[in-house]
Amino acid sequence: MKEQMYQDKLASLKRQLQQLQEGTLQEYQKRMKKLDQQYRERIRNAELFLQLEIHITWKTFLLKSVRRTQSRPGRACTPAHSPQSSPRTLTEQVERNYIKEKKAAVKEFEDKKVELKENLIAELEEKKKMIENEKLTMELTGDSMEVKPIMTRKLRRRPNDPVPIPDKRRKPAPAQLNYLLTDEQIMEDLRTLNKLKSPKRPASPSSPEHLPATPAESPAQRFEARIEDGKLYYDKRWYHKSQAIYLESKDNQKLSCVISSVGANEIWVRKTSDSTKMRIYLGQLQRGLFVIRRRKLLTYRD
């Protein structure tokens, strides 16, 4: 079903691209209509400006001629005009400016047509990439492929044939996380949790609680550790996600890690050597089973 949806979307994009090349795409026609309106408006304004300039040129020329006639009443009204100041010359100059403006408008219109088509092609290609990435993501997560039963052909068992033995195939083991904890440390954590959850009862002289605890079983807190607002406060320092640290255990093992996430009562760190993740509880940090140190990055100066 999802594969069919992907093929439909891809076919729709190809159809839109073909319509764009033919000039029949609705979005292309809509934007072309707007560009055509802008082009026609510019040409109309240029024509109005041409007529206005010609009218002003001739009016100015006539006013100057009348003033010369009034200032020289005894002479004939045949003044000599220079070629640059004649109305015909000025009109030709205005018409040349109009032709330049019209050519510029045509060139801008053609450039915008090409730019519009290129932008629409880029948008369709971007949509195609998004659809392909979505399909690839669903294939990686297993959402796009429907689980179909494997069709096997079963033959009838004859009366003298032995009963078939069921095929016991070994199931693949699920992915496991390496916690780097010994059995003794796990049992110590369980005992601590049970002590916190169970109600306090008067201990008898012969009960294990009345006996002196060994140093390994002492729940005394040696380090201050807490989580607030997605950050870890440990040993008077704040640690956040994606921060590089050193993780030291009780057996003097020092690991280079990066904090991948900070939960409510624990943090997850990722080892830089093999990218495996491990979970560290606040109780382990408070009892000193693990020690966190900041890892400084070296900077080189020229």
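This text follows the structure it describes.
Described below are features of the structure shown in this document. (Residues numbered from 1 in each chain as written. Predicted model: local features only at pLDDT ≥ 70, side-chain atom pairs only at ≥ 80, totals over all residues. Heavy atoms only, no water.)

This paragraph deals with the nonpolar core. Formed by 21 residues in total, the largest nonpolar core has its most connected members in Leu232, Tyr234, Leu247, Val269, Ile280, Leu285 and Ile292. Within the residue set of this core, elements represented by two or more residues are strand 1 (225-228), strand 2 (231-234), strand 4 (244-249), strand 5 (254-262), strand 6 (266-271), strand 7 (277-281), helix 5 (282-287) and strand 8 (290-294). In this view, Ile292 contacts Leu232, Tyr234, Tyr239, Ile245, Tyr246, Leu247, Ile267 and Leu285; residues no more than four positions away in its chain are not counted. The next biggest cluster of nonpolar side chains, apart from the first, holds 13 residues, and it includes Tyr6, Leu10, Leu116 and Leu120. (Core = buried A, V, L, I, M, F, W, Y, C linked by side-chain atoms within 4.5 Å. Buried < 20%, exposed > 50% of the residue type's maximum accessible area, 1.4 Å probe, protein only. Helix = DSSP H or I, 4+ residues; strand = E, 2+ residues; numbered from the N terminus. Contact = heavy atoms within 4.5 Å.)

Moving on to the pattern of salt bridges. This model, assessed by the stated rule, comprises 15 salt bridges. A salt bridge links Glu123 to Arg31; the nearest nitrogen and oxygen atoms lie 3.9 Å apart. Linking Glu123 in helix 3 (residues 87-141) with Arg31 in helix 2 (residues 26-71), this pair joins segments that are 92 residues apart in sequence. Assessed through its relative accessible area of 30%, Arg31 is described here as partly exposed. Measuring nitrogen to oxygen at the nearest pair gives 2.7 Å for the salt bridge that ties Arg226 to Glu224. Its relative accessible area of 29% is what places Arg226 among the partly exposed residues. Put simply, Arg42, Glu101, Glu108 and Lys112 are held in one network by salt bridges that share partners. (Salt bridge = Lys/Arg side-chain N within 4 Å of Asp/Glu carboxyl O.)

Moving on, we come to helix 2. With 46 residues, helix 2 should reach 68 Å at 1.5 Å per residue; the first-to-last C-alpha distance of 68 Å fits that figure. Those residues of helix 2 that sit buried are Tyr28, Met32, Leu35, Ile43, Ala46, Leu50, Thr57 and Ser65. (Expected span 1.5 Å × (residues − 1).)

Let's shift gears to the pairing of strand 6. Residues in a regular strand project their side chains so that they alternate between the two faces of the sheet. For strand 6, a buried count of 5 out of 6 residues is recorded, marking the element as mostly surrounded by other parts of the structure. For strand 5 and strand 6, the ladder comprises 5 bridges, and the chain directions are antiparallel. Paired with Cys257 across the strands is Lys271, a residue of strand 6. Linking strand 5 back to strand 6 in an antiparallel pair, the connection comprises 3 residues. Pairing between strand 6 and strand 7: 5 bridges, direction antiparallel. From the neighbouring strand, Glu266 faces strand 7, where its bridge partner is Tyr281. (Pairing = 2+ DSSP bridges.)

On to helix 1 (residues 2-22). With 21 residues, helix 1 ought to run about 30 Å at 1.5 Å a step, and its terminal C-alpha atoms sit 30 Å apart, in line with that. Buried residues of helix 1: Tyr6, Leu10, Leu13 and Leu20, and no others. Down the axis of helix 1, the buried set is contained in an arc of 80 degrees. They therefore lie on one face. Immediately downstream of helix 1, the backbone of Gly23 shows phi near 80 degrees, a positive value. (Arc of directions from axis to C-beta.)

Below, the discussion takes up the sheet that holds strand 5. On the basis of which strands lie adjacent, the open sheet formed by 5 strands has the order 7-6-5-4-8 and antiparallel pairing. Of all strands in the sheet, those with a lone pairing partner are strand 7 and strand 8, marking the two edges. Sheet twist, expressed as the mean angle between neighbouring strand axes with direction ignored, is 45 degrees. (Axes fitted to C-alpha atoms, helices over the stretch in contact; angles between N-to-C directions.)

Moving on: the sheet that holds strand 1. One open sheet holds the 3 strands; their spatial order is 1-2-3, and the pairing between them is antiparallel. Only two strands of the sheet have a single neighbouring strand rather than two, namely strand 1 and strand 3 (237-239). Each strand of the sheet is rotated relative to its neighbour by a mean of 25 degrees, with strand direction disregarded.

Now for the environment of Arg88. Among the secondary structure elements, Arg88 is positioned in helix 3. Classification of Arg88 as exposed rests on a relative accessible area of 59%. Arg88 sits 31 residues away from Thr57 along the chain, and the two C-alpha atoms are 9.1 Å apart.

Side chains of strand 7 alternate between two faces, with Met278 and Ile280 buried and Lys277, Arg279 and Tyr281 left unburied. Counted along the chain from strand 6 to the antiparallel partner strand 7, the turn is 5 residues long, and its residue Ser275 has a positive phi close to 65 degrees.

Take Trp238: it is sitting in strand 3. Accessibility expressed as a relative area gives 34% for Trp238, which makes it partly exposed. As for Trp238 and Arg226, which are separated by 12 residues in sequence, their C-alpha atoms are 9.7 Å apart. Aside from chain neighbours lying at most four places away, what touches Trp238 is Arg226, Glu228, Lys231, Leu232, Tyr233, Gln243 and Arg294.

On the surface, a nonpolar cluster with roughly 480 Å² of combined accessible area is contributed by Ile186, Met187, Leu190, Leu193 and Leu196. Locating Leu193 in the fold gives a position in helix 4 (residues 183-197). (Patch = residues over 30% accessible without salt bridge, like charges linked within 9 Å, V, L, I, M, F, W, Y side chains within 5 Å. Areas by Shrake-Rupley, 256 points an atom, 1.4 Å probe, with all protein chains shown as cover.)

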